[in-house]
Amino acid sequence: MLTYPLSKESGRSLYEQLYEGIRRDILSGTLPAHQRLPSKRALARHLEVAVATVENAYSQLVAEGYLYAEEKRGYFVSP
């Protein structure tokens, strides 16, 4: 499961911190192309944040081309 240190005191929103962590892992190759990411609910539960936080991070990553979504299958790292 993906784990990122998220802090409410950092001055940045939780979704931005999550977005940056996932983006960094994609760019470094830690998350390889076509790797399936956890569901929004599962990751939110694991990180103890709102589902909307994960949804916003995933949406931003999709918008920038780092992830792609497949209906009823989930989110995957773009090649």
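This text goes with the structure placed above it.
Being a predicted model, the structure only gives us computed values, none of them experimental.

### Considerations on helix α2 (residues 40-47)
Here is step 1 of the chain: Among the residues of α2, those classed as buried are L43, A44 and L47. In an axial view of α2, the angular spread of the buried residues amounts to 100°, which keeps them on one side of the axis. Facing away from the buried surface of α2 by more than 90 degrees, the exposed residues are R41 and R45.
Here is step 2 of the chain: Buried residues along α2 sit in contact with α1 (14-28) and α3 (51-63).
Here is step 3 of the chain: E48 occupies a position one or two residues after α2 and carries a positive phi of about 60°.

### Brief notes about unusual backbone geometry
Here is step 1 of the chain: Positive phi, close to 70°, is recorded for H34, a residue that is not glycine.
Here is step 2 of the chain: Inspection of the secondary structure assignment puts H34 in the loop between α1 and α2.
Here is step 3 of the chain: Residue K72 is not a glycine yet carries a positive backbone phi of 65°.
Here is step 4 of the chain: Relative to the elements of secondary structure, K72 occurs in the loop between β1 (67-70) and β2 (74-77).
Here is step 5 of the chain: Accessibility expressed as a relative area gives 82% for K72, which makes it exposed.

Cut-off values and rules
Every chain is numbered independently, its residues counted from 1 as its sequence is written. Residue-level local features of this predicted model are given only where pLDDT is at least 70; pairs of side-chain atoms are given and counted only at 80 or more, and the full residue set underlies all totals for whole chains, interfaces and linings. Working from all heavy atoms in the structure, the side-chain values ignore hydrogens and water. Each residue is placed in one exposure class: buried if its accessible area under a 1.4 Å probe, protein chains only, is under 20% of its type's maximum, exposed if it is over 50%, and partly exposed if it falls in between. Helix and strand assignments come from DSSP, with helices taken as H or I runs of at least 4 residues and strands as E runs of at least 2, each series counted from the N terminus. It is the directions from the helix axis to the C-beta atoms that the arc portrays. The contact rule is simple, with two residues in contact once any of their heavy atoms fall within 4.5 Å.

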